[in-house]
Amino acid sequence: MSTPIVQKYGGTSLGTSERIKSVAGRIARQWRAGYRSLAIVVSAQSGETNRLVAMMHSVNPEASGLAYDMALAAGEQVSVALLSAALEAEGLKALPLLAHQLGIYTDALHARARIRHIKTDPITQGWARGTVAVIAGFQGVTSDHEITTLGRGGSDTSAVAIAVALTAGFCEINTDVDGVYTADPRLIPHARLIESLDYETAFEMASLGSKVLHPRCVELGAKFQMPIIVRNTFTSDQHRRTRIMPQSASDTLEELVVSGITTDRQIGKLTLTGLRQDSAVISEIFQSLGNLGINVDIIVHDKPLGEQSLRLGFTIASNDLEAACKAITELATEKGYTGLTVAADSGLAKISAVGVGMRSYAGVAGRTFTALTSQGIVIHMISTSEIKISVVVDEAEATRATQALHREFVGE
Ligand code: ADP
Ligand code: ASP
Ligand code: MG
């Protein structure tokens, strides 16, 4: 058996019949060059998953669970079939595999399932028969045969998990840009392509909103030391790409290195006032949000001077705002927290500068403030860690704030 090669093609790369044929042509050239152990992971065509979400919401705005995942997984099923047929038109034998056929087993958390185990026999047995495996990304199956999905953007994670299961040398993510840039190239046209990134920085960038990679695929890559190569589906230049891999110490070790600026437009904020000074209240609130799978991000907790009660502000994904408000109001009624008020803000964005050794650089917060306030941009919240500084601004200012921080930390 030749070395396993795992390649993922994203939604835009498969967005039209011409593009699917072009991807099939690339795979066929590799096959003819002698690469016989090919596992190709596909996403739904661009826009398709959004269309399926909208269809489900048109019949039930709160659709979730098994039926919801069944609908969303359909987009990848179509892509598997289309690419398989295009490969056959190239004279190759394709083995189309949905998650339940291959055995991509997950837990039962619908819309955010985690992969537990992947069977590889169907792929390797197919290779022995001369087939190319074409596998549906994003979807999984529970031990009870229920269809699950891994969360939006999750086919990157399917691909890295399959690369790990097959002990491939690396996982190739083919997309519509040349790799990971210092900022979203749609917002900053002169952003620079990053040649190589360590897992930690790549994970922060992915988690903080650079959509090019699903955060969990980087997490998996780091856990199993699986190199991830991000490249453009439609270029043949082998050297224009980003490699995500363990980074050896470099001569830049002691310098402030800002790898990139990320932009997340889906930020909501909740402000709770009139909280009693009873530590159980806050932990119960966070617990109830945690039970709903709602991630709490930047937290500001203070006791205004001269007041008896506490104030708590925190950010969450804007599409979790409604569920979070409902959960907190119910909890307040149930526990008798009188005087507690909840205010929700949507229309915010979080801009972050990500790089090694942020905290040991005293000037970072000051430079961030100056860069933004000199442009008249109001900062709602700010948080720092070893590896990033994040600011929350009005969504309408997201592009200008990204540009200002890119200019300040990365350069024009
Ligand atoms: P795919 O369908 O191939 O998975 P995605 O749309 O999920 O592709 O991700 C690619 C997009 O991510 C790019 O078109 C780009 O606009 C966006 N993006 C955001 N931040 C970055 C970044 N720092 N580097 C590269 N692309 C980014
Ligand atoms: N099709 C899914 C989505 O749009 C998964 C992916 O593209 O990775 O979220
Ligand atoms: Mg994607």
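To keep things clear, this report deals only with the structure shown in the data block.

The rules behind these values
Counting starts from 1 at the beginning of each chain's written sequence and moves along it residue by residue. To read the labels, note that chains go from A and ligands from 1, taken in the order they are written. Reporting in this predicted model follows two pLDDT cut-offs: at least 70 for local features of residues, and 80 or more for side-chain atom pairs to be given and counted; totals over whole chains, interfaces and linings ignore these cut-offs and use all residues. The side-chain figures draw on all heavy atoms in the structure; neither hydrogens nor water molecules are used. A run of H or I in DSSP counts as a helix once it spans at least four residues, and a run of E counts as a strand once it spans at least two, with each numbered from the N terminus. Computation of the radius of gyration draws on C-alpha atoms, with the globule rule given as 2.2 Å multiplied by the number of residues to the power 0.38. When accessible area is computed with a 1.4 Å probe and restricted to protein chains, residues below 20% of their type maximum are described as buried, those above 50% as exposed, and intermediate ones as partly exposed. Should any heavy atoms of two residues lie within 4.5 Å, those residues are considered in contact. For each residue, the test is whether any non-hydrogen atom lies within 4 Å of the molecule or strand; if one does, the residue is near. Any pair of nitrogen or oxygen atoms within 3.5 Å is treated as a polar contact; in protein, a donor-acceptor pairing is required on top of that, and neighbouring residues in sequence qualify only through side-chain atoms on both sides. Only Asp, Glu, Lys and Arg are considered charged, only Ala, Val, Leu, Ile, Met, Phe, Trp, Tyr, Cys and Pro nonpolar, and every remaining residue, Gly among them, polar. For the area figures, the Shrake-Rupley method with a 1.4 Å probe applies, and any residue is considered shielded solely by the protein chains shown. Two strands are counted as paired when DSSP detects at least two bridges linking them. Helix axes are fitted only over the stretch in contact, all axes being lines through C-alpha atoms; the angle between N-to-C directions runs from 0 to 180 degrees. Two aromatic rings, drawn from Phe, Tyr or Trp (for Trp, its six-membered ring), form a pair once their centres lie within 6.5 Å of each other, and the interplanar angle then sorts them: stacked below 30 degrees, edge-to-face above 60, tilted otherwise. In this analysis the charged atom, NZ for Lys or CZ for Arg, is taken to sit over a ring once it is within 6 Å of the ring centre and within 35 degrees of the ring normal. One speaks of a salt bridge when a side-chain nitrogen belonging to Lys or Arg is within 4 Å of a carboxyl oxygen belonging to Asp or Glu. Among the buried residues, those of types Ala, Val, Leu, Ile, Met, Phe, Trp, Tyr and Cys that are joined through side-chain atoms within 4.5 Å form a nonpolar core. Here, expected helix span is obtained from the residue count minus one, scaled by 1.5 Å.

1. Things to note about the overall build of the protein
Phase 1 of the analysis: Broken down by element type, the protein carries 13 helices and 18 strands.
Phase 2 of the analysis: Taking 22 Å as the expected radius of gyration for a compact globule of 412 residues, we find that the protein reaches 23 Å, a close match to that expectation.
Phase 3 of the analysis: Seen along its three principal axes, the alpha-carbon backbone of the protein occupies a region of about 75 × 50 × 35 Å.
Phase 4 of the analysis: Expressed as a percentage of its 412 residues, the buried residues of the protein come to 50%.
Phase 5 of the analysis: Long-range pairs, those at least 24 residues apart, make up 75% of the contacts in the protein between residues at least 6 apart in sequence.

2. Notes on the site of ligand 2
Phase 1 of the analysis: The environment of ligand 2 is formed by Ser43, Ala44, Thr49, Glu76, Phe138, Arg152, Gly153, Gly154 and Ser155.
Phase 2 of the analysis: Here an oxygen atom of ligand 2 sits 2.6 Å away from a polar atom, N or O, in the side chain of Arg152.
Phase 3 of the analysis: Separating an oxygen atom of ligand 2 from a backbone N or O atom of Gly153 is a distance of 2.8 Å.
Phase 4 of the analysis: Here the shell around ligand 2 is composed, by residue class, of two nonpolar, five polar and two charged.

3. Quick word on the site of ligand 1
Phase 1 of the analysis: In the vicinity of ligand 1 lie 17 residues, with Thr175, Tyr181, Asp184, Arg186 and Lys211 positioned nearest.
Phase 2 of the analysis: One nitrogen or oxygen atom from the side chain of Thr175 is found 2.7 Å from an oxygen atom belonging to ligand 1.
Phase 3 of the analysis: Isolated, ligand 1 exposes 570 Å² of accessible area, and the fraction of that covered by the protein chains is 91%.
Phase 4 of the analysis: Along the lines of polarity and charge, the residues of the shell around ligand 1 split into six nonpolar, six polar and five charged.

4. Remarks on the sheet that holds strand β2 (residues 38–42)
Phase 1 of the analysis: Ordered by their spatial adjacency, eight strands build an open sheet running β3-β6-β2-β1-β9-β11-β12-β10, and the pairing between neighbours is mixed. Single-partner strands in this sheet number two, and they are β3 (93–97) and β10 (196–197).
Phase 2 of the analysis: As paired elements, β3 and strand β6 (residues 131–136) share five bridges and run parallel to each other. Along β6, the bridge assignment pairs Leu97 with Ile135.
Phase 3 of the analysis: Those strands touched by helix α4 (residues 74–89) are β2, β3 and β6, and its axis lies near 160° from that of β6.

5. Side note on the environment of Val141
Phase 1 of the analysis: Position of Val141 relative to the elements: it lies in strand β7 (residues 139–141).
Phase 2 of the analysis: Between the alpha carbons of Val141 and Ile104 there is a distance of 6.1 Å; along the sequence they are 37 residues apart.

6. Points about the sheet that holds strand β14 (residues 299–302)
Phase 1 of the analysis: Taken in spatial order, the six strands line up as β14-β15-β13-β16-β18-β17 in an open sheet, and their pairing is antiparallel. Where the open sheet ends on each side, the last strands, each with one partner, are β14 and β17 (381–384). For this sheet, the mean angle separating the axes of adjacent strands, direction not counted, is 25°.
Phase 2 of the analysis: Bridge count for strand β13 (residues 257–275) against strand β16 (residues 341–356) is 13 bridges, and the pairing is antiparallel. If you follow Lys269 over to β16, its bridge partner there is Asp345.
Phase 3 of the analysis: The strands that helix α11 (residues 321–335) touches are β13, β15 (310–317) and β16; relative to β13, the one it contacts most, it runs at about 30°.
Phase 4 of the analysis: Strand contacts of helix α13 (residues 398–409): β13, β16 and β18 (388–394), with the helix running at about 130° to β13, the strand carrying the most contacts.

7. Remarks on the packing of aromatic side chains
Within a pair of aromatic rings, the relevant descriptors are the distance that separates the centres and the angle that separates the planes.
Phase 1 of the analysis: Per the stated rule, a full pass over the model turns up one aromatic pair.
Phase 2 of the analysis: Measuring from ring centre to ring centre gives 5.3 Å for Phe286 and Phe314, while their planes differ by 70°; the resulting arrangement is edge-to-face. On the criterion of sequence distance, the pair formed by Phe286 in helix α10 (residues 279–291) and Phe314 in strand β15 is long-range, its members being 28 residues apart.
Phase 3 of the analysis: Phe314 sits in the buried class, given a relative accessible area of 0%.
Phase 4 of the analysis: Positioned over the ring face of Trp31 is Arg36, at 4.2 Å from the centre of the ring.

8. Describing the pattern of salt bridges
Phase 1 of the analysis: Counted under the stated rule, the structure contains 14 salt bridges.
Phase 2 of the analysis: In this structure, the salt-bridge partner of Lys21 is Glu18, at a minimum N-O distance of 3.5 Å. You can see Lys21 and its partner Glu18 sitting in helix α1 (residues 17–32), three residues apart, about one turn around the helix.
Phase 3 of the analysis: The partly exposed category is assigned to Lys21, whose relative accessible area is 48%.
Phase 4 of the analysis: A residue is classified by how much of its surface remains accessible, and Glu18, at 54% relative accessible area, is exposed.
Phase 5 of the analysis: Among the salt bridges present, the one from Asp302 reaches Arg311, with a minimum N-O distance of 3.2 Å.
Phase 6 of the analysis: Residue Asp302 is classed as partly exposed on the basis of its relative accessible area of 30%.

9. Some points on the nonpolar core
Phase 1 of the analysis: One finds Val6, Ile123, Ile135, Ile162 and Leu213 to be the most contacted residues of the largest nonpolar core, which totals 41 residues.
Phase 2 of the analysis: Residues in contact with Ile123, not counting those within four places in the same chain, are Leu97, Leu102, Ala133, Ile135, Ile162 and Leu166.
Phase 3 of the analysis: Within the second largest apolar cluster, 26 residues are counted, among which are Leu187, Ile188, Ile389 and Val391.

10. Points about the pairing of β2
Phase 1 of the analysis: Across the five residues of β2, five count as buried, placing the element largely inside the fold.
Phase 2 of the analysis: Here strand β1 (residues 5–9) runs beside β2; their pairing, made up of five bridges, is parallel. Directly across from Val6, in β2, lies its bridge partner Ala39.

11. Focus: α1
Phase 1 of the analysis: The end-to-end C-alpha distance of α1 is 22 Å, a good match for the 22 Å that 16 residues give at a rise of 1.5 Å each.
Phase 2 of the analysis: Residues of α1 that are buried: Ile20, Val23, Ala24, Gly25, Arg26, Ile27, Ala28, Gln30 and Trp31.
Phase 3 of the analysis: In this structure, the buried residues of α1 make contact with β1, β2, α4, β6, β9 (171–175) and β11 (228–232).

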